[in-house]
Amino acid sequence: MTGKTAFETRYGFRRNEVLLSNWRENPFNRWAFQNLGELVPTARVAATSGSAEAPVRDFSGLLGEKVSVGSAPETVADFLARSSTDALTVMKGGKIIGDWFAPHMDFGARHIIFSISKSVTAIIAGILEGEGVFDPEAPVTQYIPEAVGSAYGDASCRHVLDMSVSLDFEEAYLDPESAFARYRRATLWNPGGGTESLREFILTLQRLAEPHGQTFRYRSPNSDLLGLLLERASGQRFTDLMRERLWLPLGAVSEASIGVDMEGTARTAGGISVTPRDLARVGEMMRQGGTVNGHRIVPEAWVRDTTVTGGSSEAWQRGSMVPLFPQGRYRNKWYQTGFANGAYCGIGIHGQWLYVDPRTEVVIAKMSSQPEPVDDPLDLEIVAFFEGLTRLV
């Protein structure tokens, strides 16, 4: 009888047990979230050539500190374990002050960020808006004429950016018979894909009776459509846009990747994989008002609109995520917390977070492999953890 392989010893299962049908499930997601390209088609986004990542910064001094996340204080180490954290990078004042990795994730490894991909994609929309290439107030059909007859036929790009499209679609992550499951097949994320492209699927979606713009409805196809809008507006593939407009100017140290469908369409709603440090660099660029080392990447007015002044409180209050941020708003695929410190964030399923606190100048990138796609009580605790952590560092 043979012993365990090194892979099985590290992850607790064999590689051949990770399938297209179960890669987002526990425990397989602990490996799959770092290796999306072995499961679905992906495209590369090159980083700055010749750059090298600085060594890991020891975070152990903070692991024994306590933060209040629920009914009782909990150590940082205990909360990281309980919230299925794979990696954590913390920046303060523009400097990396700590990295933490679970035993099954290496320093420098990429990890899927799921719906923080939306926030990254919106940054590129902001860049193209600043160049005069993309008009967020234009009708969707100006860029995608074939959207006529779909839910997007009378929607604006602004509705797409702010998740206020009156879209008849539910984010039923765990229902194999839902339209969401068909959506996952179109992205090649579930078995049975390859017969309908992501673009074809999106353009079959229909609208609700309510006018666009009234209610915040978190619907991921909007954000895949945004990627298509940016491609049509610019005449470039999304991967090229991301590399040229964001990844290279950002000074990202490591290559990124993004899932693509049967037509090569990028999964801009949730398919981007990056390292924790590069994700933190995105947050720091936003904290700096759209600049990196004095070089402007995104218009300052766009960053301020996204993180401070824009978004509809009324639309947010009519949406389903009010319990997370009771005074929040949603603008350009970023969440404004409504907190006194002006914190804002990008969020992805299974515990992906990019949290920016302008008051303390802290940026936190948290990558996780939570068993459930959505865990509302844990999300509230994670926000409390971030708020406590910003005071500790």
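Residues numbered from 1 in each chain as written. Predicted model: local features only at pLDDT ≥ 70, side-chain atom pairs only at ≥ 80, totals over all residues. Heavy atoms only, no water.

(A) Spotlight on the nonpolar core. Core analysis: the biggest nonpolar cluster contains 129 residues, and Trp23, Ile123, Phe134, Tyr152, Leu229, Trp247 and Tyr335 have the highest contact counts within it. Element by element, the count of residues in this core is highest for helix H5 (residues 116-130), at eight residues. Among all residues touching Tyr152, those that are not within four sequence positions of it are Val140, Thr141, Ala147, Val160, Val165, Leu167, Ile202, Leu205, Pro221, Asn222 and Leu225. (Core = buried A, V, L, I, M, F, W, Y, C linked by side-chain atoms within 4.5 Å. Buried < 20%, exposed > 50% of the residue type's maximum accessible area, 1.4 Å probe, protein only. Helix = DSSP H or I, 4+ residues; strand = E, 2+ residues; numbered from the N terminus. Contact = heavy atoms within 4.5 Å.)

(B) Structural view of the sheet that holds strand E8 (residues 272-274). Judged by pairing direction, the sheet is antiparallel, and its four strands sit side by side in the order E1-E7-E8-E6 without closing on themselves. Looking at which strands have only one partner, the edges of the open sheet turn out to be strand E1 (42-45) and strand E6 (111-112). Relative to E8, E6 runs antiparallel, the two being bridged by two bridges. Among the inter-strand pairings, His111 is bridged to a residue of E8, identified as Val274. Contacts from helix H11 (residues 238-250) reach E1, strand E7 (256-259) and E8 within the one sheet, and its direction differs from that of E1 by about 25°. (Pairing = 2+ DSSP bridges. Axes fitted to C-alpha atoms, helices over the stretch in contact; angles between N-to-C directions.)

(C) Structural context of empty space enclosed by the protein. In the structure shown here, the tally under the stated rule is two cavities of 30 Å³ or more. Taken as a whole, the largest cavity spans an internal volume of roughly 80 Å³. In terms of lining residues, the largest cavity is bounded by 13 residues, among which Ser115, Arg184, Ser220, Arg267 and Ile349 are the most central. Looking at the lining of the largest cavity residue by residue, the classes come out as six nonpolar, three polar and four charged. There is about 50 Å³ of room inside the second largest cavity. The wall of the second largest cavity is formed by Glu53, Phe101, Phe107, Gly108, Ser254, Thr275, Pro276 and Arg277. The class makeup of the residues in the lining of the second largest cavity is three nonpolar, three polar and two charged. (1 Å grid on protein atoms, 1.4 Å probe; cavity = no way out; pocket = protein on both sides within 12 Å on 5 of 7 lines; lining within 4 Å. Points joined across faces, edges and corners; volume = space filled by probe spheres on them. Nonpolar A, V, L, I, M, F, W, Y, C, P; charged D, E, K, R; others polar.)

(D) Unusual backbone geometry, seen in detail. The linkage connecting Asn26 with the following residue, Pro27, adopts the cis geometry, with an omega of 5°. By the secondary structure assignment, Pro27 is in the loop between helix H1 (6-11) and helix H2 (29-32). Positive phi, normally seen in glycine, also occurs at Met163, with a value near 55°. Take Met163: it is sitting in the loop between helix H7 (157-161) and helix H8 (179-186). Phi is positive for Leu188, which is not a glycine, with a value near 70°. Within the fold, Leu188 resides in the loop between H8 and helix H9 (198-202).

(E) Quick look at the layout of surface pockets. Taken as a whole, the largest pocket encloses approximately 530 Å³ of empty space. The wall of the largest pocket is formed by 24 residues, among which Tyr218, Met321, Val374, Asp376 and Asp379 lie closest to the centre. Counting only elements with at least two residues in the lining of the largest pocket, the list comes to strand E13 (344-348) and helix H15 (376-392). A per-element tally of the lining of the largest pocket places H15 first, with three residues. Considered class by class, the residues forming the lining of the largest pocket number twelve nonpolar, six polar and six charged.

(F) Expanded view of the packing of H5 against helix H10 (residues 221-234). Direction vectors running N to C along H5 and H10 enclose 25°, while the axes themselves pass 10 Å from each other. Taken together, the axis directions place H5 and H10 in an arrangement best described as roughly parallel. Between H5 and H10 lies a crossing of left-handed hand. Every residue of H10 that contacts H5 at Lys118, Thr121, Ala122, Ile124, Ala125 and Leu128 is listed here: Ser223, Leu226, Gly227, Leu230 and Ser234. A breakdown of the residues in the contact of H5 with H10 according to their chemical character gives six nonpolar, four polar and one charged. (Parallel < 35°, antiparallel > 145°, perpendicular 65-115°, else oblique. Left-handed = near helix turned anticlockwise from the far one by under 90°.)

(G) Fine view of the packing of aromatic side chains. In this structure the tally under the stated criterion is 28 aromatic pairs. A centroid spacing of 5.2 Å and a plane angle of 75° characterise the contact between Trp23 and Trp189, whose relative ring orientation is edge-to-face. With Trp23 in the loop between H1 and H2 and Trp189 in the loop between H8 and H9, this pair connects stretches of sequence that are 166 residues apart. Ring geometry for Trp316 and Tyr335: centres 6.1 Å apart, planes at 80°, overall edge-to-face. Linking Trp316 in helix H14 (residues 313-317) with Tyr335 in strand E12 (residues 334-336), this pair joins segments that are 19 residues apart in sequence. You'll find Trp316 and Tyr335 in the same group, each marked buried. (Phe/Tyr/Trp six-rings, centres within 6.5 Å; stacked < 30°, edge-to-face > 60°.)

(H) Structural view of the UniProt feature "domain: Beta-lactamase-related" (unreviewed entry) in the protein. Those residues carrying the UniProt feature "domain: Beta-lactamase-related" (unreviewed entry) are residues 78-380 in this numbering. Measuring from the first to the last C-alpha atom of residues 78-380 gives 16 Å, for a span that is 33% helix and 17% strand. (UniProt positions renumbered as here; feature names shortened; annotations may be inferred.)

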